[in-house]
Amino acid sequence: MSSTTMEPSAPAQGKWWIGLFLVIAVLVAIRAGIGEGMGRAYVQTESTSYAAATDDQGRVTWSAVADGAAGSATIERDVFRTAGQYRAAEAASPNQQAIRFSWDRTIGLWLAAFFTLAVFSFLVGDNPAYKFTESIVIGVSAGYWMAVAFWETLVPKLVAQLAPGLVKAWCMPNLDAGAINLDALIPLGLGIMLLSQLTPLGRHVGRWPLAFVIGTFAGLKMISHVESDIIEQVRATMLPLVVFGDDGSFAAWASIRNLLIVAGVLCTLVYFVFSIEHKGPVGRAARVGVWFLMITFGSAFGFTVMGRIALLAARFEFLFIDWLWLIDPKGQRTMAAVSAAAELGSSLLNTI
Amino acid sequence: MSRSIALLICLMGGLTMLVSPFLPMATGWANDVTDWFNILAAMAFVLGGGSLLKVQLMRLSARGPGWGYSALTLLAFIVTLWVGLGKVGVVADPSAPTVAWSGKPDDEGSAFWWIYLYVMTPITSTLFAVLAFYVASAAFRAFRAKNVEATLLLATAFVILLGRTFAGVVLTGWLPDWASGLRLENLAVTIMDVFNTAGNRAIIIGIALGVASTGIRLMLGLDRSYLGGDA
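Figured I'd write up the structure that's included with this text. This structure is a prediction, so every number in the text was calculated from the model and none was measured.

## As for the layout of surface pockets
Inference 1: Each pocket or cavity is described by its volume, and for the largest pocket that value is around 610 Å³.
Inference 2: Lining the largest pocket we find 26 residues, and of these A:F80, A:L109, A:F318, A:D322 and A:Q332 sit closest to its centre.
Inference 3: Contributions of two or more residues to the lining of the largest pocket are made by β3 (73-81), α3 (103-120) and α10 (280-323) of chain A together with α4 (111-142) of chain B.
Inference 4: The leading source of residues in the lining of the largest pocket is α10(A), at six residues.
Inference 5: Tallied by class, the residues present in the lining of the largest pocket amount to 14 nonpolar, three polar and nine charged.
Inference 6: Taken as a whole, the second largest pocket holds about 340 Å³ of empty space.
Inference 7: Around the second largest pocket sit 17 residues that line it, and A:C171, A:M172, B:K87, B:S102 and B:K104 are the ones nearest its centre.
Inference 8: The residue makeup of the lining of the second largest pocket, split by class, is nine nonpolar, four polar and four charged.

Right, here's the structure in full:
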């Protein structure tokens, strides 16, 4: 498609975008300088000690004990605290260090806001901020799912089968480490063949693992689909067309409802049969089936729109509540939260 | 020869899964094959990552337009992979506090968790949220009640959208009790319970029949498109 002559040139577009981002930056700077500021995250370090106990069978189990108990191991982790909780702690004990400002989570908050605005900016048009965000999410998604696949599947199902002792000592202390399972060499071999697709020779070698995946998946899905999607759905459609209530009276609405469901399923299935020409009674049934399908698609459309709008509202909530601090529906930042956090303050006083 | 072995592997994999519900002795085989399938599916993620690396490195070395974005993608990929595989910032699991690597990579406070919470989630959820505008725009341009089918689709979408929000209660709340079935919130429930159930059920049965027939075609080697080339 040829571009129209009304479109601005690339340098003009670039200047326009730079101007827009500068305006946003100035507005954010003004907001940051007003009142309580914006976009800060707080954390508190929670420390828990654990002591080991060995049962009759020699299994070691760890349970939480009082801090600093002899022979115990301590785990420390930072957990979120609201600005209101931070203020409550400060009011209870100025310059306390238990609840503190978190640099990494604050930077994350601002970065998330930038990414959110960058994606929204695509509504106006393609721009460098959107492209930047798009590039980041592609790389992050690939890395994320690769790491998840490694820790969730490859380590427990493959490495742990071939080197159980090593995996138990390294990262899965609760693993029931038995003998080495050499059967795991089969998926390892197939996996290496699959990865060889990245090499010029891999097209032919990669066929076998691909055939295994496709065959297994076909068998797996056939069983589950036939069981849950055919047998169960047909069973659920076998409804009484004349329904009587508990007192023996005729239940008109329940009867109509069941009749509509049975007729709807049958008519829609008739529409899906393309080996018979849709003429006469078959054509009329297929037409009714199309009406049921249209109602189904309409409701699916309605729910899709509602789902997207709910996501949109969630993003605006993030921007206005968590980042800009313009609204505070849960009272997380107001001093009213002091009363809610009074218990926390007193417990901090005891520990400091 | 290579193709014949591939077809045999496909048949054996599929048959193992198919006979397992009928033969008690095959249950163990099916469990093993499922584990192998999961391992290969995980390997496919590694393949995907490797492919991304290969393509982006080629674009980077060619210095074509937008090579800077390829560099960014590579950087994001490598950093995420490093913090994920290295469990950067992960503390030990309470069930084994002395084993440093026992924690989950996405535990709160870890670098991997940080990337998920502050990079992946905002971007992906905003991408889906932005679709609200495009769906609304497309609907405004495409929805025309020009025949019975289109009118049904349009009317159902309106009833569902209004009936599932407070707007429906405001618009039709005045209807008397004897006509309460016509209130938008009740109409939405009826549509979901009756018409949507019937339509969806037929679609599900149709899909399942399609899956079963495609599965049989694949296992019998009638569909060999996955092998590539002239199948």
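And the narrative resumes.
## Examining the interface of chain A and chain B
It is common to give the size of an interface as the accessible area lost on bringing the parts into contact.
Inference 1: Contacts between the two partners involve 120 residues from chain A and, on the opposite side, 118 residues from chain B.
Inference 2: Across the interface of chain A and chain B, roughly 11100 Å² is buried in total on both sides, 80% from carbon and sulfur atoms.
Inference 3: On the surface where chain A and chain B come into contact, there are three salt bridges.
Inference 4: A:R287 serves as the salt-bridge partner of B:E149, at 3.1 Å between the closest nitrogen and oxygen.
Inference 5: If you look at where chain A meets chain B, you find 17 residue pairs in polar contact (both at pLDDT 80 or more).
Inference 6: Residue contributions to the side of chain A that touches chain B peak at 26 residues, all from helix α4 (residues 128-162) of chain A.

## A word on the pattern of salt bridges
Inference 1: All told, the structure shown has nine salt bridges over all chains when counted by the stated rule.
Inference 2: We note a salt bridge from A:E36 to A:R87, for which the minimum N-O separation is 2.8 Å. With A:E36 in the loop between α1 (10-33) and β1 (42-54) and A:R87 in helix α2 (residues 83-92), this pair connects stretches of sequence that are 51 residues apart.
Inference 3: Relative accessible area serves as the criterion here: at 30%, A:E36 is assigned to the partly exposed category.
Inference 4: Residue B:D177 is joined to B:R183 by a salt bridge in which the shortest nitrogen-to-oxygen separation is 3.4 Å.
Inference 5: Since its relative accessible area comes to 16%, B:R183 is described here as buried.

Here is what the cut-offs are and how they apply
Residues numbered from 1 in each chain as written. Chains lettered and ligands numbered in written order. Predicted model: local features only at pLDDT ≥ 70, side-chain atom pairs only at ≥ 80, totals over all residues. Heavy atoms only, no water. 1 Å grid on protein atoms, 1.4 Å probe; cavity = no way out; pocket = protein on both sides within 12 Å on 5 of 7 lines; lining within 4 Å. Points joined across faces, edges and corners; volume = space filled by probe spheres on them. Helix = DSSP H or I, 4+ residues; strand = E, 2+ residues; numbered from the N terminus. Nonpolar A, V, L, I, M, F, W, Y, C, P; charged D, E, K, R; others polar. Contact = heavy atoms within 4.5 Å. Buried area = accessible area lost by both parts, 1.4 Å probe. Salt bridge = Lys/Arg side-chain N within 4 Å of Asp/Glu carboxyl O. Polar contact = N/O pair within 3.5 Å; in protein donor to acceptor, adjacent residues only side chain to side chain. Buried < 20%, exposed > 50% of the residue type's maximum accessible area, 1.4 Å probe, protein only.

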